[in-house]
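# Reading the structure
Read off the chains here:
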Amino acid sequence: MPKLTIDGKEIEVEAGTNLIEAARRLGIEVPHYCYHPGLSIAGQCRLCMVDIEKTPRPSIACNTQAADGMVVHTDTERVRDTRRSIMEFHLINHPLDCPVCDQAGECWLQIYYMKHGLYDPRMTDEKVHKPKAVPLGPHVMLDAERCILCSRCVRFCDEITGTGELGIFHRGDHSEIGLFPGRDLVNNYSGNVVDICPVGALTDRDFRFQVRVWYLDAARSICTGCARGCNIDVHVNRRRPHHAEGKRVARLKPRFNADVNAWWLCDVGRYHYDFVDAPTRLTAPVRRNNAGTAEIAWDEAVSGVAEALRRYSPDQVGVLASPRMANEDLLALRRVLEARAMRQVAYDVPPPALAEGDDFLLRSDRAPNRRGAELIGLGGDTGGLMASARAGRLKCLWVFHHDLLASGWPAADVRQALDRVETLIFTGTNANAISERAQWVLPAAAWVEREGTFTNFEGRVQRFRSAVEPLGQALPEWDLLGRIVAALGGTPAGGRAELWFRELVRTVPAFAGLSYQAIGDHGQLIPGATSAGAPTPPGRRVKVHG
Amino acid sequence: MAEIVLMRNFGRQDSHTLAGYRATGGYTAWEKAKGMEPAAITEEVKKSNLRGLGGAGFPTGMKWSFVPKTHTGPVYLVINADEGEPGTFKDRYLLERDPHALIEGMLITARAIRSAKGFVYIRGEYVQPWRIFSGAVKDAYDAGLLGNGFDIVVHRGAGAYICGEETGLLSSLEGKKGWPKIKPPFPAIKGAFGEPTVVNNVETIACVPPIINRGAEWFAGLGTKTQGGTRMYSVSGRVTKPGVYEDSCAVTLRQLIHDHAGGVSHTGKLKAVVPGGGSAAILTADEIDVAMDVDGLKAKGSMIGSAGVVVMDESVSIPEALLVLARFYAHESCGQCTPCRESTGWIYKMVHRIVDGHGRKDDLDTILDVAKRGGGTTICAFYDGAIGPYISYIEKFRGEFEALCRS
Ligand SMILES: Cc1cc2nc3c(=O)[nH]c(=O)nc-3n(C[C@H](O)[C@H](O)[C@H](O)COP(=O)(O)O)c2cc1C
Ligand code: SF4
Ligand code: SF4
């Protein structure tokens, strides 16, 4: 392992580590545009110059591997001067339209100009003009004038997705990112090019002109789009509620996790948050009876539901849990079931059409916590449960999230089942055909409105944190279920998600030894589980020359 | 005047044919080389002081010795016949008039570096050279010279100067955009299609058969202490007899202009000379007593490059000459690295404005500063080539530029 000195500090790194990464480990940032740890080295932006002793000229840190005894200086006068020049070159043809650019505030041209540029502009000639606001695909918009030609997006489509939609066309200062003839930027991962674009050249059509990034707050979270559980940051706008038509969740961004998703997110997951701020959100408990439909207080809803559960014998009650619920919710539900010794529970409702996975991150199982639901013991015979309902053996049916009328079951069968139960209870975030006819509707907080954990397909338990307050009176499911446990005479684990998790660890052997602290930001595997890590990107599975 | 080695057959009507080549001793060096160990061939070339004639002047034998001896996969020999350097037109003469000299040189080089496949990358505009060279390759196949352990693929470029830069050429050859590659790795380690590759200029390889035939010492003796042999100078511009002239590497620029090219034409008064292709720094009339080898011109702050000599008499406007080159570099920059992509365009705009009568005096300092700041910061030598003229034209002829500027 080579040992080298960077800015007077010694460090030992694995052979093959480049100087940007070696410096990063010492907390020294070598500015760069084209280098990205998940992509091949392009060496094009020329910003990452450092001085290496016994080397006559500054070298690019991205393409220089750490060597034993190497002495590197990242902040000599010559390096600073070179960076200043490179910044000037990057900006001479840039349109400087920051006031109308979505990237403003998180643009690496702005950041590095302030840190490493600060020269007096000398360019007085007409700038090169290029196309602006060019849609590349359903999610991505190109402004070619803002592009600094770092080629990250091109390399992404070549090396990660292997789809090769993008290229750099023309030469010199007329060079331009673009689509190959007949292609659109349509692949499952197209949104990632916006994340890796260091400037405002590629913007997200979903996010464009919605909100200024400096009004955003972020919370660490987990994607709920499928069973992989990609790590994300949820960006929310709490400070300018009048922007973006009141939408609080502005966007989801990938968060690096080498064992799950590396730097990437699929488009299915990235845009899977509209429901959070949709007009269909359930915001207050509802009671529906002959007298009509009324919004009620939680106390009333909790005692009403508890009373309904007590009214029937346990084998007259069926529960359809959901693999979208967090581990904490599922445990709380189990406690409710135990309080009345109810056994008819299942979670597996067939989707209308089987979703397709892909050859990279996206799993065909589009629920984030099927593994958790299974381990917590809520698996059962869904078909049998519905058959009992149709046969009139169930008097009460409690549905979590599912829209049974938009499932893989024949609607007539579902209707028959629903017609025969006396009491229909619904818990979920958004209204659907089931909530519309339920006698009791218990509004649940969306995952970005609370904290909790999911167990991904490999058995990795991952935490998600609260980014915004629950809408209206919605509650985390562990909370509303805990209240029902208490109403049924049991003892809820507590008033925080973590307390439910601790009880899970204590009482369900599959989760033995885990803790919120140990899960941290990286996740923790349940006992006996193994992880294959983030899959090799499709674009890397073929040998590329050169 | 030195012995004519490379152009010795040019006078023959049939110089491009196999029969004509054989009649003047062609392929005897290959016969001899077949009896030599690969390492011995490389050693001979090292001793001959042959240096690359494509532009960089790198010692040829040393380049060959960089190919890893332990490599078990293919090794490629790539001939750079892209000849795009402004003012350079010697390789086309070799391709048209002595194509077998290149083929024989390739056979010997391939043996030295253990290559079974060679590529000849010919400039797209060179239609006639391509036809003639392809015909010679066919004849060499028919005669069994090729196809018995060594094959040649002839590949045509599509008209980009940057595809003459060796790694840009390799990218283009691989079917990609002709973008130079970052080094390391160098081509000798990881070149065409990821395999060790030697890239040499046409003329460089045409020197190999005579070296093998007549010995390294003889060849070294033709040139200077640090560069052996003769080479072909493309002389153009304001001279009475423009053309390609062969002479020793030790010849002076004055001898080339006066003894070979018949002296300065038009006004008859020399103003400036570009000694080594467009990318070489310009020399003034009193700087022409210089030996035309790698080190001689380096000492004068210029370079021999591709030995394209462009002569300008008193009536030539230096700012307009720079404009031509500035337009060329702005147009030909591959656009990959920031300093080159952005400065070549910017400098062109400034020079254009000056020639157009809208220049300001501080433009000259801006050009000089911008040019110098980008130097040594890029992926390939294109930009360092571009700043040669930017800086030297303005520094040596500043008065002429200032006369065009407003205060
Ligand atoms: C911008 C640029 C253009 C070049 N064009 C040519 C060319 O047209 N022909 C050539 O032989 N070498 C050219 N070269 C030099 C090659 O990169 C390389 O050094 C040469 O082909 C090596 O062969 P040699 O060692 O036999 O000279 C060029 C270099 C640069 C930087
Ligand atoms: S692969 Fe799955 S978890 Fe990852 S972003 Fe896509 S939907 Fe979300
Ligand atoms: S120096 Fe210029 S020509 Fe060479 S790789 Fe960089 S941009 Fe391309």
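A brief report on the enclosed structure follows. Every chain begins its residue count from 1, and numbering advances along the sequence as written. Think of it this way: whatever chain is written first is A, whatever ligand is written first is 1, and the rest follow in order. Local features in this predicted model are restricted to residues whose pLDDT is 70 or higher, and side-chain atom pairs enter the listing and the counts only when it is 80 or higher, whereas totals over whole chains, interfaces and linings include all residues.

## Topic: the overall build of chain B
Strands here are runs of E lasting at least two residues and helices are runs of H or I lasting at least four, both read from the DSSP assignment and numbered beginning at the N terminus. Of the regular secondary structure elements, chain B holds 18 helices and 9 strands. The quantity called the radius of gyration is restricted to C-alpha atoms. Its globule counterpart is 2.2 Å times the number of residues to the power 0.38. Whereas a compact globule of 407 residues would reach a radius of gyration of roughly 22 Å, chain B reaches 21 Å, a difference of no more than 12%. Taken over the C-alpha atoms alone, chain B extends approximately 70 × 45 × 35 Å along its principal axes. Three exposure classes are used. Buried residues have 20 or more other C-beta atoms within 10 Å of their own C-beta, exposed residues have 12 or fewer, and partly exposed residues fall in between, all C-beta atoms being placed from the backbone. Buried residues in chain B amount to 58% of all 407 residues. Any two residues are considered in contact once their C-beta atoms, placed from the backbone, lie within 7 Å. Residue pairs at least 24 apart in sequence account for 71% of intrachain contacts in chain B once pairs closer than 6 positions are excluded.

## A look at the pairing of strand β15 (residues 292-295) of chain A
Residues and elements named next belong to chain A. In this structure, strand β14 (residues 286-289) lies alongside β15, joined through 4 bridges in antiparallel fashion. Directly across from Arg-288, in β15, lies its bridge partner Thr-293. The antiparallel hairpin formed by β14 and β15 contains 2 residues in its connecting segment. Strands were regarded as paired on the criterion that DSSP finds at least two bridges between them.

## Some points on the site of ligand 2
Nearness rests on one distance test: the residue's C-beta atom, set from the backbone, must lie within 6 Å of the molecule or strand. Contacts to ligand 2 come from 14 residues, most closely from Cys-223, Gly-225, Cys-230, Cys-266 and Gly-269 of chain A. Residue classes follow a fixed rule: Ala, Val, Leu, Ile, Met, Phe, Trp, Tyr, Cys and Pro count as nonpolar, while Asp, Glu, Lys and Arg count as charged, and any other residue, Gly among them, counts as polar. Looking at the shell around ligand 2 residue by residue, the class counts come to 8 nonpolar, 4 polar and 2 charged.

## Re the interface of chain A and chain B
Accessible area lost upon the coming together of the parts serves often as the stated size of an interface. Listed per partner, the contact involves 26 residues of chain A and 29 residues of chain B. Residue contributions to the side of chain A that touches chain B peak at 5 residues, all from helix α2 (residues 77-91) of chain A. Looking at side-chain class alone, the side of chain A that touches chain B contains 9 nonpolar, 11 polar and 6 charged residues.

## Remarks on the environment of Ile-212 of chain B
All names here are of chain B. Tracing the backbone shows Ile-212 in helix α10 (residues 208-214). Residue classification places Ile-212 among the buried positions, given that 26 C-beta atoms sit within 10 Å. Measuring from C-alpha to C-alpha, the distance between Ile-212 and Met-36 comes to 9.8 Å, with 176 residues separating the pair along the chain. Once residues within four sequence positions are removed from consideration, Ile-212 is found in contact with Ala-29, Lys-32, Ala-33, Ile-41, Glu-44 and Ile-108.

## A look at the environment of Asp-365 of chain A
Residues and elements named next belong to chain A. Inspection of the secondary structure assignment puts Asp-365 in the loop between β17 (345-346) and α9 (370-375). The class of Asp-365 is partly exposed, set by 18 C-beta atoms lying within 10 Å. Sequence-wise, Asp-365 and Pro-37 are 328 residues apart; in three dimensions their C-alpha atoms are separated by 29 Å. In this structure Asp-365 touches Cys-226, Ala-227, Arg-370 and Phe-457, once residues within four positions along its chain are discounted.

## Observations regarding the site of ligand 3
Residue and element names in this part refer to chain B. Taken together, 14 residues are adjacent to ligand 3, and Cys-334, Cys-337, Cys-340, Cys-380 and Phe-382 come closest. Contributing elements (two or more residues each) for the shell around ligand 3: α15 (338-355) and α17 (382-396). Its residues assigned to classes, the shell around ligand 3 shows 9 nonpolar, 4 polar and 1 charged.

## Focus: the sheet that holds β14 of chain A
Residues and elements named next belong to chain A. A sheet is described by the order of its strands in space; here 7 strands give the open sequence β15-β14-β20-β19-β18-β16-β17, paired in mixed fashion. Strands at the two margins of the open sheet, each flanked by one partner only, are β15 and β17. Where β14 and strand β20 (residues 440-443) come together, 2 bridges link them in antiparallel fashion. Following the sheet pairing, Val-286 is matched in β20 by Val-441.

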